[in-house]
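# Survey of secondary and tertiary structure
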Amino acid sequence: MAVVTMSQALNMALTEEMARDERVFLIGEDIKDSTYGITKGLWDTFGPKRVIGTPISEAAIAGAVLGAASVGLRPVAEFMYMTFMMCAMDQVVNQAAKSKYMFGGKAVLPIVYRTMAGAGRANAAQHTQSLEAWFAHVPGLKIVMPTTAYDAKGLLKTSIRDDNPVIFIENKVQYATTRDEVPTTDYTIPFGQAAIRRTGKDVTIVALQRMNEIALEAAEELSASGIEAEVIDPRTLVPLDLESIVGSVRKTHRVVIVHEAHERVGFGAELVAQIVQHAFDYLDAPPVRVANPNVPTPFNRTLEQLSIPSAAQVVQAVRGLMR
Amino acid sequence: MATIVSPIEHAVGPAHGSSPTALDRHDLSDSDLIDMYRTMLRIRRFEERVKELFLEARLYGSVHLYIGEEAVATGACKALGEGDVISSTHRGHGHCIAMGLESGPMMAELMGKVTGYNHGKGGSMHIASMDHGMLGANGIVGAGIPISTGAALGFWIQEKANVAVCFFGDGASNQGAFHEGINFAAGLKLPVIFICENNGYAQFQSVKQDLPIEHVATRAISYGIPGVIVQGEDILDVYGAVKEAVRRARAGDGPTLIEAKTYRFEGHFLGDPEPYRTREEVAAARATRDPLKIFGAQLQEMGVASADDLKRIHAQIDEEMDRAVAFGESSPEPAGSVLLTDIFTGADEHGRIV
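Every chain begins its residue count from 1, and numbering advances along the sequence as written. To label them, take the chains in the order written and letter them from A, then take the ligands in the order written and number them from 1. Residues qualify for local features only when their pLDDT is at least 70, as the model is predicted, and side-chain atom pairs are given and counted only at 80 or more; totals for whole chains, interfaces and linings, by contrast, use all residues. Side-chain measures here rest on the full set of heavy atoms in the structure, leaving out hydrogens and waters.

### Observations regarding the overall build of chain A
- Along its length, chain A carries 12 helices and 14 strands.
- This radius of gyration counts C-alpha atoms alone. The globule rule is 2.2 Å times how many residues there are, raised to the power 0.38. In terms of overall dimensions, chain A is globule-like: its C-alpha atoms have a radius of gyration of 19 Å, near the 20 Å expected for 323 residues.
- By its C-alpha atoms, chain A is 60 × 40 × 40 Å across when sized along the principal axes.
- Contacts are assigned to residue pairs with any non-hydrogen atoms lying within 4.5 Å of each other. Counting contacts in chain A only where the partners sit at least 6 residues apart, residues at least 24 apart contribute 83% of the total.
- Computed by Shrake-Rupley with a 1.4 Å probe, the accessible areas treat only the displayed protein chains as cover when residues are assessed. Looking at chain A as shown, the accessible area adds up to about 11800 Å², and 53% of this sits on carbon and sulfur atoms.
- For chain A, the distance from the average site of its 31 positive side-chain charges to the average site of its 35 negative ones is 2 Å. To qualify as a helix, a DSSP run of H or I must reach at least 4 residues; to qualify as a strand, a run of E must reach at least 2; elements of each kind are numbered from the N terminus. The charged-residue count follows a simple rule in which Lys and Arg add positive charge and Asp and Glu add negative charge, with His and chain termini not counted at all. Where a charge sits is defined by one atom per residue type, namely NZ (Lys), CZ (Arg), CG (Asp) or CD (Glu).

### A few points about the overall build of chain B
- The helix and strand inventory of chain B stands at 11 helices and eight strands.
- Relative to a compact globule of 354 residues, whose C-alpha radius of gyration would be 20 Å, chain B shows 20 Å and is just as compact.
- Counting only C-alpha atoms, chain B reaches 70 × 55 × 45 Å along its principal axes.
- Split into buried and exposed, the 354 residues of chain B put 57% on the buried side.
- Carbon and sulfur atoms form 53% of the exposed surface of chain B, whose accessible area is close to 14400 Å².
- Of the side chains in chain B, 31 bear a positive and 47 a negative charge, and the two mean positions are spaced by 1 Å. Only protein chains enter the calculation, and the probe is 1.4 Å; a residue is then buried if its accessible area is under 20% of its type maximum, exposed if over 50%, and partly exposed in between.

### Structural notes on the interface of chain A and chain B
- Taken together, the contacts link 42 residues of chain A with 42 residues of chain B.
- For this document, the term salt bridge refers to a Lys or Arg side-chain nitrogen within 4 Å of an Asp or Glu carboxyl oxygen. Linking chain A with chain B are one salt bridge, by the criterion used here.
- Polar contacts here mean pairs of N or O atoms no more than 3.5 Å apart (in protein, one a potential hydrogen donor and the other a potential acceptor; neighbouring residues in sequence count only if both atoms are side-chain atoms). At the boundary of chain A with chain B, the tally comes to 17 residue pairs in polar contact (both at pLDDT 80 or more).
- Taken together, the elements giving at least two residues each to the side of chain A that touches chain B come down to strand S2 (24–28), helix H3 (58–70) and helix H4 (89–102) of chain A.
- Here the residues of the side of chain A that touches chain B sort into 22 nonpolar, 12 polar and eight charged. Residue polarity is assigned by list, with Asp, Glu, Lys and Arg as charged and Ala, Val, Leu, Ile, Met, Phe, Trp, Tyr, Cys and Pro as nonpolar; anything else, Gly included, falls into the polar class.

### Regarding the packing of aromatic side chains
All names here are of chain B.
- Stacked, tilted and edge-to-face are the three classes applied to pairs of Phe, Tyr and Trp rings, where Trp contributes its six-membered ring and a pair requires centres within 6.5 Å; stacked means planes under 30 degrees apart, edge-to-face means over 60, and tilted covers the rest. Tallied over the full model, the rule gives 13 aromatic pairs over all chains.
- Here the aromatic rings of Phe-178 and Tyr-223 are separated by 6.2 Å at their centres, their planes lie at 70°, and the arrangement is edge-to-face. Within this pair, whereas Phe-178 is found in helix H6 (residues 176–188), its partner Tyr-223 is found in the loop between helix H7 (207–210) and strand S7 (227–231), the two being separated by 45 residues in sequence.
- Residue Phe-178 is classed as buried on the basis of its relative accessible area, which comes to 2%.

### Description of the pattern of salt bridges
Residues and elements named next belong to chain A.
- For the structure shown, the criterion picks out 42 salt bridges over all chains.
- One salt bridge in this structure joins Lys-157 and Glu-16, with 2.7 Å as the shortest N-O distance. Placement of the pair is Lys-157 in helix H6 (residues 149–161) and Glu-16 in helix H1 (residues 6–20), with a sequence separation of 141 residues.
- A salt bridge links Arg-235 to Asp-151; the shortest N-O distance between them is 3.0 Å. A residue pair is termed long-range when its members are at least 10 positions apart, and Arg-235 in the loop between strand S11 (229–233) and strand S12 (236–238) and Asp-151 in helix H6 qualify at 84 residues. Accessibility classification places Arg-235 together with Asp-151 in one group, the buried group.

### A few points about H6(B)
Residues and elements named next belong to chain B.
- For H6, which comprises 13 residues, the first-to-last C-alpha distance of 19 Å matches the rise-based estimate of 18 Å (1.5 Å per residue) to within 8%.
- Along H6, the residues that are buried comprise Ala-177, Phe-178, Glu-180, Gly-181, Ile-182, Phe-184, Ala-185 and Ala-186.
- Positive phi appears at Lys-189, one or two residues downstream of H6, with a value of about 55°. In this scheme, a helix's expected span is set at 1.5 Å multiplied by one less than its residue total.

### With respect to the nonpolar core
- Formed by 91 residues in total, the largest nonpolar core has its most connected members in Ile27(A), Tyr113(A) and Leu153(B).
- Here Leu153(B) is in contact with Phe25(A), Ile27(A), Ile52(A), Ala64(A), Phe184(B), Leu188(B) and Leu190(B), once residues within four sequence places are set aside.
- Residues grouped as a nonpolar core are buried Ala, Val, Leu, Ile, Met, Phe, Trp, Tyr and Cys residues, joined through side-chain atoms within 4.5 Å. The next biggest cluster of nonpolar side chains, apart from the first, holds 72 residues, and it includes Met36(B), Tyr201(B), Met321(B) and Val325(B).

### Brief notes about the state of the cysteines
- The criterion for a disulfide is a pair of cysteine sulfur atoms lying within 2.5 Å. In this structure the tally under the stated criterion is zero disulfides over all chains.
- Just so you know, Cys96(B) is unpaired, no disulfide at all, and the nearest cysteine sulfur is the one on Cys77(B), 9.5 Å from it.

### Focus: the sheet that holds strand S10 (residues 203–207) of chain A
Residue and element names in this part refer to chain A.
- In spatial order, the strands read S9-S11-S10-S13-S14; together these five strands make up an open sheet with mixed pairing. Taken across any chain shown, the strands that pair with only one partner, and hence form the sheet edges, are strand S9 (195–198) and strand S14 (288–292). Strand after strand, the sheet turns through a mean of 25° between neighbouring axes, direction not considered.
- Strand pairing is defined by DSSP finding a minimum of two bridges between the two strands. Alignment of S10 against S11, held across four bridges, turns out to be parallel. Interaxial angles span 0 to 180 degrees and are taken between N-to-C directions of axes, which are lines fitted to C-alpha atoms, for helices over the stretch in contact.

### Describing the environment of Pro332(B)
All names here are of chain B.
- Tracing the sequence through the fold places Pro-332 in the segment after helix H11 (307–330).
- Judged by its relative accessible area of 46%, Pro-332 is partly exposed.
- Linking Pro-332 and His-26, residues 306 residues apart in sequence, is a C-alpha distance of 45 Å.
- What Pro-332 contacts, discounting residues up to four positions off in sequence, is Lys-113, Val-114 and Thr-115.

### A closer look at the sheet that holds S2(A)
Residue and element names in this part refer to chain A.
- Read from one edge of the open sheet, seven strands run S3-S2-S4-S5-S7-S6-S12, paired in mixed fashion. Here the strands that pair on one side only, and so sit at the sheet edges, are strand S3 (51–53) and S12. When strand polarity is set aside, the average angle formed by the axes of neighbouring strands in this sheet is 20°.
- Relative to strand S7 (residues 166–171), strand S6 (residues 142–144) runs parallel, the two sharing three bridges. Opposite Ile-143, over in S7, you have Ile-167 as the bridge partner.
- Against the sheet, H1 makes contact with S2, S3, strand S4 (74–79), strand S5 (112–117) and S7, and its axis sits at roughly 130° relative to S2, the strand it touches most.
- Packed on one face of the sheet, H3 meets S2, S4 and S5 and runs near 170° to S4.

### Details of the domain arrangement of chain A
Residue and element names in this part refer to chain A.
- Domains assigned within chain A are domain 1 (2–182) and domain 2 (195–318).
- Here the bounds of each domain stem from an automatic or database domain assignment. Centre-to-centre, using C-alpha coordinates, domain 1 lies 26 Å away from domain 2.
- When two parts are put together, the accessible area they lose, computed with a 1.4 Å probe and summed over both, is reported as buried area. Carbon and sulfur atoms make up 54% of the area that domain 1 and domain 2 hide from each other, which totals about 2100 Å².
- Sorting the residues of domain 1 by area buried against domain 2 places Ala-122, Met-145 and Thr-147 first, and these three jointly supply 23% of that buried surface.
- At the junction of domain 1 and domain 2, the tally comes to two salt bridges.
- Counting every contact that joins domain 1 to domain 2 gives 16 residue pairs in polar contact (both at pLDDT 80 or more).
- In terms of residue class, the side of domain 1 that touches domain 2 is made up of 14 nonpolar, 10 polar and five charged.

### Points about the side chain of Gln209(A)
All names here are of chain A.
- Structurally, Gln-209 can be placed in the loop between S10 and helix H8 (211–224).
- Reaching out from Gln-209, the side chain makes a polar contact with the backbone oxygen of Ile-169 at a distance of 2.7 Å.
- Dropping the residues within four chain positions of it, Gln-209 is found in contact with Met-145, Pro-146, Thr-147, Ile-169, Glu-170, Asn-171, Gln-174 and Asp-233.

See below:
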């Protein structure tokens, strides 16, 4: 066990899985020198046929992994920013996601599309957007959003061993700032199991990825005034651990959903719909979302921070439900 | 001072001359040649049946016929070996048959039947059979280029001697995927052969409007790979060029871009009113560029088959197509319960492990 950063945990998962299975290879832009350090050192360890740096050609990357998976490999592609995936949408959505179904089940496509979302680094709008809802909308893709370094390692290993296309979304701020205890031994975390980050009886806060940190901060502040929040991290959106979320709401009777993605048609909308359908009679107040207020992410630091949900906003939302 | 680089003086040109003076059968035995004729005829008759069935409303959906282009798929796939793979297009029946897929399960797939290659979930535009090295027809123009490049990448990583062949049309050569895929493949010298079936029209629009240059093959220059032009109706020309490209690919010399000048005798899709070309143009192509007629004559000229031999093959293929249609029509519809299967491997439609 060692305390490591999110990026180190991801590096551990890649290193271990590449050593474990020679069919696993990495492909992406600048992955030899690794802009954010996730693939650092892997080229030296595994060589140029396992760590393949590409031209700036996202569609080629997204399609090449599908072809490589078709002939028996287990590729892990990196899209440096989630916004860059927009250049590869045909290959991800029309090809990788649908092939198995279109082919009557014959294709087995173990592909991981790693990418980075989240806001807070002054990268401005074309390098900042959380688009998990787009991919969650498409049948055939699993969606993973790790929150802790421990989860990042275990979930990335599960993703690499999964026989389906997985969109593995990392958070740009968390790479360096999130650090926790991570075993140096092999372990995996199953998909579809939410993590209860904090137990409480008065309100449920469902938070995606880094928003768990915000939610926990809000929970502490609420606790000081006697409101105990339960914070739930779904960890994977597809599959979704609806049982844990609905079970919590049935207990607390109130729910706030927090994500960095835009509020309109964000994943929170799906969560609200599911919660209302499965826990309608238990709700004492309408479900509320705290999210990006439907704006492109501004460059200016102050404006950018205003576009990201804050603990204060979560506290305010909860207090609104408690009236 | 600016330097002008001529785009033309590089190695773009016909592989064997557009009208060879003497027939070159390459390394093909008599039985190989007859086998190729049989494959071409199988494609032709399969699609003629498909057209009939479609017009009689016994078959539905979006269907794009390959009639007139049969020599490209047949000649190219004949140059492949065990473990090689292809990616195909929306006009994919010919590529499927050339890779050895059977007409019965293909017909069943076009009818949406459970006995089809994709159990009725794909239809004409998505037939795939991994067992045959057929990675999939494709409804998105140009999408197969990165995918076949990826298959070649897989062979390169595993240091296998296999190759991938990517079929696409002239329209696809204007997609971004064309540039990204070929550029990436060329950079790593991946074992992939890009075969552009230039049939003169991207859907309804003439290639003359779409391409600012005369030949798609010229674009090979910008990737530093050979660009080769063949006459798509001449199966021996196609075979020779692809065989050489396969040899290069297996030797680690990287991709080749082959442009087959061809012509589709039917519309873009079944039901296409074809306002963009004249009947005379189509009739002229049918009269002078029919790959089946040309190859039939060549076989007789080479003394490989007599007119009677060919007649016998025609009768056999007709019977095969009768059986394919009967197989498709007598096959069951998929049960409603399969709607939600096959989305994930090892998981239900929600992604939950089952």
